[in-house]
Amino acid sequence: MAVVGRKSFISDLHSKYAEKTWNETFKLVRRCMDKSRGDTKPCEPLIRCLKILHEALTVSSLSAMVSRLEIIAKQRGMGSHLSPTETTCYLTADMFYLEVLLLPGGEVEDVKLAQHGEAPLSSESLLQLLKSKKFEEFSVKLKGLSSLYNIPGDNETKIKVYTALQFLGKDLQKISHLPRALRECNLQVDMILNGRIGYLTAGSEGIPMTIQYYISPSDILLEMSDSGIGSVGQLALVTVGPTDSTHKLQMASVIPQPPQLDAQGLPLFSPLCEVLSEMMPACFQLKLQPPLPMLSSFVEKLSQITDVAIADADLQWAPFPQLMMTLLGENGGDKTWDGQDAHFLVPLPGKEIHSYVLPGAAWEEAALRGALMSTIPFAHPAHVPALLELLRHQCAINTLLASCITSHRPSPGPVCDLYCEVFPESGSSLTVTFHLSDSDSLSVLLVNVADSRKLTCSLFAVGSESESMDEYVSRVLKRCMSIPVTMRALNRRLSKRTCGEPLPACSSTISTADVSPASPLPISCEADGSLSSGSGLESIGIPTTPSTAAVFSQDAMGPDTTPMEAESAFCLSVAEVNTNPTANPYPCASACRVQYLRNGRHPGLFMQNSV
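Residues numbered from 1 in each chain as written. Predicted model: local features only at pLDDT ≥ 70, side-chain atom pairs only at ≥ 80, totals over all residues. Heavy atoms only, no water.

Colleague: Help me get a handle on the overall build of the protein, residues and values and all.
Modeller: Within the protein, the regular secondary structure consists of 20 helices and 17 strands. A buried classification covers 46% of the 611 residues belonging to the protein. Accessible surface for the protein amounts to roughly 29100 Å². Of this, 54% is attributable to carbon and sulfur atoms. (Helix = DSSP H or I, 4+ residues; strand = E, 2+ residues; numbered from the N terminus. Buried < 20%, exposed > 50% of the residue type's maximum accessible area, 1.4 Å probe, protein only. Areas by Shrake-Rupley, 256 points an atom, 1.4 Å probe, with all protein chains shown as cover.)

Colleague: Run through the environment of R392, naming residues and quoting values.
Modeller: Take R392: it is sitting in helix α13 (residues 383-402). What makes R392 buried here is its relative accessible area of 0%. With 158 residues separating them along the chain, R392 and Q234 place their C-alpha atoms 9.0 Å apart. Leaving out residues up to four positions away in the same chain, R392 has contacts with M191, I192, L193, N194, G195, G198, Y213, Y214, S452 and R453. A distance of 2.9 Å separates the side chain of R392 from the backbone oxygen of Y213, its partner in a polar contact. (Contact = heavy atoms within 4.5 Å. Polar contact = N/O pair within 3.5 Å; in protein donor to acceptor, adjacent residues only side chain to side chain.)

Colleague: Outline the packing of helix α10 (residues 296-306) against α13, supporting the account with residue identities and numerical values.
Modeller: As a packed pair, α10 and α13 sit with axes 9 Å apart at the nearest point and diverge in direction by 170°. Considering the angle they form, α10 stands roughly antiparallel to α13. Between α10 and α13, the contacting residues are F298, K301, L302, I305 and T306 on the first element and H383, A386, L387, L390, H393, Q394 and I397 on the second. Here the contact of α10 with α13 is composed, by residue class, of seven nonpolar, four polar and one charged. (Axes fitted to C-alpha atoms, helices over the stretch in contact; angles between N-to-C directions. Parallel < 35°, antiparallel > 145°, perpendicular 65-115°, else oblique. Nonpolar A, V, L, I, M, F, W, Y, C, P; charged D, E, K, R; others polar.)

Colleague: Help me get a handle on the sheet that holds strand β6 (residues 199-201), residues and values and all.
Modeller: Reading across the sheet, the six strands line up as β6-β7-β8-β9-β13-β10 and stay open at both edges, with antiparallel pairing between neighbours. In this open sheet, the two strands that pair with only one neighbour each are β6 and β10 (318-319). Of the strands in this sheet, β7 (209-214), β8 (234-250), β9 (277-295) and β13 (369-378) are in contact with α13, which crosses β9 at around 15°. (Pairing = 2+ DSSP bridges.)

Colleague: Describe in detail the packing of helix α11 (residues 320-328) against α13, supporting the description with residues and values.
Modeller: Pairs of packed helices are described in terms of their axes, by the angle between the two and the distance that separates them. Running from N to C, α11 and α13 cross one another at 80°; their axes reach a closest spacing of 11 Å. For the element pair α11 / α13, the angle class is roughly perpendicular. Here α11 contributes F320, M324 and L328 to the contact with α13, which in turn contributes Q394, N398, L401 and A402. Residue composition of the contact of α11 with α13, by class: five nonpolar, two polar and no charged.

Colleague: I'd like a rundown of unusual backbone geometry, residues and numbers included.
Modeller: With an omega of -5°, the peptide bond between Q257 and P258 qualifies as cis. Structurally, P258 is set in the loop between β8 and β9. The step from Q289 to P290 runs through a cis peptide bond, and the omega angle for that step is -5°. Looking at where P290 falls in the secondary structure, it is placed in strand β9. In this structure, E86 takes a positive phi of about 60° despite not being glycine. Its place among the elements puts E86 in the loop between β1 (79-82) and β2 (88-92).

Okay, structure coming up:
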């Protein structure tokens, strides 16, 4: 009987409102929402009901636009009301409000945003969203504005936190404008890679201040071909967030005017005890986009710089290659690391193929574990330059490692031109063990990344003990930030010698043909400040522009020859590695490395002696 009665009740409701207009239905739902209730939160089912009703209809009148704005405000926990003249709809929050100026037909004439303590200013982006009736995107913008004040506490606390964030932004802009020597021809690239505060973009309309702090050579080329450096590379949003403990935050500028600089070119900051400051249950934050894989030693350095603890419970530690593969999306969605060797094929122009193996046992060591960092807390503007330098250092290591990780896996068929094993020596250095087809010994390239700008290489190979060779390889690596491209250039140099003859002394000059093929390079300046030229770029799908011409040349493509056959017995074919995962293409590599590390002996000589 209960079911019959409920069906009868629903039928009566259908009959009652069958002849009602949609406007009357809207009014009924709003009346139900406005009725006094025990709690102050809006009724979620009614909000969803009203939202569905609005989305089903086209906004073509003043009342319909006002209704849509009201429901968006309720979704975001904001208030709303219409002016007495019914020409302006106000969307209000504790710390900001919007003025939406409406025309009689429901069109939007202007949208003004008023942050706390500031006069209303017209917002072109919000206006265009409403004019285009992109209400969902408009709602997301309101969410971003609300997140700027996402601090627990009363309005007074929120006002103080927002004020501290404003003064922090002003001080960061002051640091960014301090004079310094240029290292890159492109001013924006120089700011990103070498600026004390990176490339700074002021916050607006719910978007926090943004710092672009690292960009790889490949990203530089891609953006230059699109005639500008956009929001590529590594970004950090300057925000504020709640903490369990209190921190002293600035309520005024901590950079005296005129600024006095230290030996590193950074300003001398006034102590917080000498300027207006407040203890607050919050701290500043750098929100990294995308999240950055960081080694455990680097995570420890973050806390040492800021003196703000990073909760270990918030970090998920994993072997570093696993983090890199997860972030790059090159592991087919499998986020587990089984401890086995990771094997990748890297195709290069000229039908050249390299094989790179990351030995699982070596990368499983506790010191080489890492975590994806998305938020870095800090409490003072003086922390930011040091934090960015540390982040750049980690980005340089990640860029080199990522150059060996691809979606190509071993499969029967192709034979690689070069087989390499990438072995970690420390948190900031690695070795690349490889074998040349015309040699009976292993060679080792030691790569040390002291910071994002200081990369050095040392080659240990028979007949190639030369400082000029080390300098040459180091310059290639710094210019392309790619291990495969560097190994291709090195392989070409070493292959020029004849069997049994020492490698002739080489110049440290880098030719474009040596380093261009696979990983794009940043623009280089000639002595007169002009860009170097190139040709034939259309053949590889890159439009000819001054920026791309500075990077590529026709010679960089290399001859279309078949890959060289592997001549050494220990250099297994890709098919053998694929069918026997436990097979080691470099049976003597580990022994060579141990001998080289313990005794400082040349790995090639050790191989010859052992034979």
